[in-house]
Amino acid sequence: MARGRLRIYLGAAPGVGKTYAMLAEGQRLRSRGADAVVGFVEPHGRRPTAALAEGLETIPRRTLSHRGALFTEMDLDALLARRPQVALVDELAHSNVPGTRNGKRWQDVEELLAVGMDVVTTLNVQHLESLNDVVRQITGVSQRETLPDEVARRADQIELVDLPPEVLRRRMVHGDIYPPDRIESALTHYFRVGNLTALREIALLWLADRVEEGLQRYRAEHGIVAPWETRERIMVSLSGGPEGETLIRRAARISARTPGTELLALHVVSEDGLTAGGPAVLDAQRTLLESLGGSYHQATGEDVVDALLQFAETENVTQIVLGASRRGRLAALLRAGVGKRTIRGSGPIDVHIVTHEEAAGSAVLRLPHPSRGTGPRRYWAALVGAVVLLPVLTILLTALRGNLGFSSDLVIYLLAVVVVALVGGLYPALFAAVAAALLADYYFAAPVHSLVMERPDEITALVVFVAAAALVGRAAGAAAQRTRQAVRATSEARALSRLAAAVMRGQDLTALLEQIRENFGLSAISLLERDPEVSPVPRWYVVASAGERPPEKPYEADVESPVDDNLTLAARGSGLSAEDQRVLAACAAELGLAHARGRIAGRSGGVDTFADAERTRASLLLAAGRDLRAPLHTAEEALVRLQCRRAGLPGSEEAQLLGAARAAVHRAAQLVTDLDDVSRLHAGALDLYLRPVDLNEVLGAALDDLGPGGHSIVLHLPEQLPDVIADAALLTRALTALGADALRHSPPDRPPVFTAEVRAGHLRIRVEDGMPDRGPELSTAASRVPGTRADSLALRLSRDLAEAMDGTLETTTEGPAFSVMLSLPSSAPGAGATSGRAE
């Protein structure tokens, strides 16, 4: 029986519409005559989702008892007995109640697929096993229900259901995702904009990888070897030579011409596992490549060209960048270079040959430096050893002249040549081979004490000896060099891995420095930081140190390894070799990361504490607002009733007190509303709909909201007033708050003034208190203290609302007078004449 097809609707977070999309697909299939059945759906109380399930046949759920409670699960047996064409099964990563046949719902789905049933299901990206720890780090929430990635990878179709974070938060505010008692907590924790944006990016990248896997699988199934230029991929071939930086920069410039291009670099290692180039050169080139956005790769192969082309075909590379050959003309005549052979076998892949300073320019066959790989000490030590060893060996063989033949003498000399090769490499071995041949000819070939040879077999033996000694010396020297490289690389890797492990475990800088000091045999070491302030003489501070008398300044150290412009590693001790200094630089980089990580951890701890305090304060304010709203409303109603009873005695003191109490309670209720609006605005939970708005209508609505307050408000508005780009409800709220604040601080005989004007494409609304420009009797009022009014709750709410609408709000204080300037974008920039009227 053919296996059924699995279709997954993937979402980045709850509430994006996965279940709705699944049910919509079920309705579409049903309208086309397919037998689609709801195996399990969880609408979570969302009416549109539940309504969409109407008309679809639903398999009744199975009721199970667990620990004294009743639970419902999908009835797998009933669904298998019904055997529809398509089963709609919600929440693929769900864990079943103990007592069911399978522990996970995806295992139930596997049974449905095995009998040939198509399944449409839903999944959140945070439930994927491979992403569980990443999601926990971002959101702080650990997902207990996880799904093996392989299950999702086997899906025949995965469709992303996506919503921008702002829209998802708006759905949350409207109660379309969670019940009202969970909205505030969700908005301030899991459903923060940063969390939702990160989860969205994770979902998109994971799905993009699946698309890439599908493309590669299709090419493999259809035997397509030629690259498909779905995306430009440029590969740089690094040989380990000094020309690598030129090639990387050239490839980066080619990559920058086409957006979305991927840059790769490949270094082919010989089959013995050792790199042909210098490790320091490759490390520097890798750092440069990664700084330009590329990725570094290594491949092992006997032939460089075959390894390059195989990697290019595997990675769907479209362009290859090679350096011009460094080989001389003689070597080029013997065998075609890497560039020519790559061009012949590249097929549709473009090959760029880039010239560089190291390219061969003469017919001379350039030989490697004699001391390369072994070092000058070993090179000269091998030569001195040959000069001493060969004469001593000749004296011993002369004493044994009657017991050994000429061939035995050559074999013994060959052993000495091998020893010299092991110490110094090829060139000391060649010197020893020629010197041994001359000594053997002079002392042991007839005629003795003469370089003339009479017997042909001795001539042949001597020629073969020189050739064999050269070949054996070359092989022995190469083997010794590779062995030293391997030992060196192993020790370096072990030291760096130990240091990296210590950094990951969070060891302090002093312990890390002590470990480095012991590894390199230094007497003292310090991590120094320079004061970033510019001064004639740089000031350095010791961040951490180890050993006796650690250096306190860079110039006091024998060895210095800078980390960045303001951080350096200084050490005292015997001089280090170039290789040791390279490893020390890598250790210094690790220390720099550890130092930066410690600083970030300290700052993040403070930020987390501040954020927790802010969240606690916001939660307390919201809770207090909810608790105060009902008592204040009750108190205001009671005061209204009492005031109505005393309406016949308007001049009595009791009526005045009731009126003042009612105004105070109304003001307290308004403060609670303002606090709630500020909290919701900072949480990004207020709806915002910017459109052209008539300022006259908004001002009328604001005056209605203010109600009769015993004051009048003067409006100075142009006759032809353009519309303002704003949210009508939020602008009304801001103007109401500004008007109420101005009325509270204006004397009865001087009403506040609203003035509107158009300047530079913005509509400016000025709200001025009705205070005189000069008035000694009012200048000592507490509300006139600079900074007090500007920090009031009403002005903070208005400022936040204005900034949410891409506007600004500024305050000015001139003597006792106080004014606020609200500026918002205008739909028709221009200037209008000002006329006044009073209301």
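To continue, consider the overall build of the chain. Helix and strand counts for the chain stand at 24 helices and 25 strands. Taking all contacts inside the chain whose residues are at least 6 apart in sequence as the whole, residues at least 24 apart take part in 70%.

It is worth spelling out the confidence of the model for the chain at this point. When pLDDT is averaged along the chain, the result is 77, and 75% of the positions lie at 70 or above. Low pLDDT, under 50, characterises residues 360-373; the predicted model gives this stretch 23 contacts beyond four residues in sequence or across chains.

The element strand β24 (residues 817-825) is largely enclosed, with a buried count of 8 among its 9 residues. With 7 bridges connecting them, strand β22 (residues 762-768) and β24 associate as antiparallel partners. Bridging from a neighbouring strand, R764 pairs with S823 of β24. As defined by bridge partners, strand β23 (residues 808-814) adjoins β24 across 7 bridges and the pair is classed as antiparallel. By the bridge assignment, T808 is partnered in β24 with S823.

This brings us to the pattern of salt bridges. Inspection of the entire model under this criterion finds 21 salt bridges. Salt-bridge contacts for D35 lead to R82; the nearest nitrogen and oxygen are separated by 2.9 Å. Highlighted residues: D35 in the loop between α1 (18-31) and β2 (36-40) and R82 in helix α3 (residues 76-82), separated in sequence by 47 residues. For E262, the salt bridge is made with R233, and the minimal N-O distance between the two is 3.1 Å. Here the residue E262 occupies a position in strand β10 (residues 262-269), and R233 occupies one in strand β9 (residues 233-238), the gap between them amounting to 29 residues.

All right, on to the packing of helix α22 (residues 695-706) against helix α23 (residues 728-744) then. Closest axis-to-axis distance for the α22/α23 pair is 9 Å, and the angle between their directions is 50°. In this view, α22 runs oblique relative to α23, as classed from their interaxial angle. Crossing geometry of α22 relative to α23 is assigned as right-handed. Seen from α22, the contacting residues are L695, V698, L699, A701, A702, D705 and L706; seen from α23, they are L731, T732, L735, T736, G739, A740 and L743.

In this structure, the second largest pocket spans a volume of roughly 980 Å³. Surrounding the second largest pocket, 37 residues form its lining, P14, H44, N124, H127 and Y178 being those nearest its centre. Among the elements of the structure, α1, α2 (47-52), β7 (118-124) and α8 (180-188) are those that each provide at least two residues to the lining of the second largest pocket. Considered class by class, the residues forming the lining of the second largest pocket number 14 nonpolar, 14 polar and 9 charged.

What follows concerns the sheet that holds β10. Read across the sheet, 5 strands follow the order β11-β10-β9-β12-β13 without closing on themselves; strand pairing throughout is parallel. Each edge of the sheet is formed by a strand with only one pairing partner; in this case those strands are β11 (295-300) and β13 (350-354). The mean inter-strand angle of the sheet, taken between neighbouring strand axes irrespective of direction, is 25°. Where strand β12 (residues 319-323) meets β13, 5 bridges bridge the pair, whose relative direction is parallel. Residue I320 lies in a different strand from β13, and its bridge partner there is V351. Along the sheet, helix α10 (residues 244-256) makes contact with β9, β10, β12 and β13, crossing β9 at roughly 175°.

Under the definition given, this model contains 3 cavities of 30 Å³ or more. By volume, the largest cavity is sized at about 50 Å³. Lining the largest cavity, in full, are A12, A13, V16, D162, L163, P164, P165, L168, L196 and R200. Every element with two or more residues in the lining of the largest cavity is listed here: α7 (165-173) and α9 (193-221). Classifying every residue of the lining of the largest cavity by side-chain character gives 8 nonpolar, no polar and 2 charged.

Attention shifts here to the nonpolar core. With 62 residues, the main nonpolar core has L23, L112, L147 and F191 as its most contacted residues. The greatest single-element share of this core, amounting to 5 residues, is contributed by α9. Not counting residues within four places of it along the chain, the set of residues in contact with L23 comprises V38, V41, T49, L52, A53, L56 and L88.

Bringing the packing of aromatic side chains into the picture now. What the rule picks out here adds up to 1 aromatic pair. In this structure, R105 is placed above the aromatic ring of F40, and the distance from its NZ or CZ to the ring centre is 3.9 Å.

In this section: the side chain of T19. Looking at where T19 falls in the secondary structure, it is placed in helix α1. Taking relative accessible area as the criterion, T19 reaches 11% and is therefore assigned buried.

On to the environment of D156. With respect to the secondary-structure elements, D156 resides in the loop between α6 (149-153) and β8 (157-161). In sequence terms D156 and L6 are 150 residues apart; their C-alpha atoms lie 5.4 Å from each other.

The next thing to look at is a nonpolar patch on the surface. On the surface, V384, V387, V388, V392, L396 and F431 cluster together to form a nonpolar patch covering roughly 540 Å² of accessible area. Take the nonpolar patch: its biggest share by element is 5 residues, from helix α15 (residues 376-399). Summarising the element assignment, V384 is placed in helix α15. With relative accessibility at 51%, the residue V384 sits in the exposed group.

Definitions and limits used
- Residues numbered from 1 in each chain as written.
- Predicted model: local features only at pLDDT ≥ 70, side-chain atom pairs only at ≥ 80, totals over all residues.
- Heavy atoms only, no water.
- Helix = DSSP H or I, 4+ residues; strand = E, 2+ residues; numbered from the N terminus.
- Contact = heavy atoms within 4.5 Å.
- pLDDT = per-residue confidence, 0-100.
- Buried < 20%, exposed > 50% of the residue type's maximum accessible area, 1.4 Å probe, protein only.
- Pairing = 2+ DSSP bridges.
- Salt bridge = Lys/Arg side-chain N within 4 Å of Asp/Glu carboxyl O.
- Axes fitted to C-alpha atoms, helices over the stretch in contact; angles between N-to-C directions.
- Parallel < 35°, antiparallel > 145°, perpendicular 65-115°, else oblique.
- Left-handed = near helix turned anticlockwise from the far one by under 90°.
- 1 Å grid on protein atoms, 1.4 Å probe; cavity = no way out; pocket = protein on both sides within 12 Å on 5 of 7 lines; lining within 4 Å.
- Points joined across faces, edges and corners; volume = space filled by probe spheres on them.
- Nonpolar A, V, L, I, M, F, W, Y, C, P; charged D, E, K, R; others polar.
- Core = buried A, V, L, I, M, F, W, Y, C linked by side-chain atoms within 4.5 Å.
- Phe/Tyr/Trp six-rings, centres within 6.5 Å; stacked < 30°, edge-to-face > 60°.
- Lys NZ or Arg CZ within 6 Å of the ring centre and 35° of its normal.
- Patch = residues over 30% accessible without salt bridge, like charges linked within 9 Å, V, L, I, M, F, W, Y side chains within 5 Å.
- Areas by Shrake-Rupley, 256 points an atom, 1.4 Å probe, with all protein chains shown as cover.

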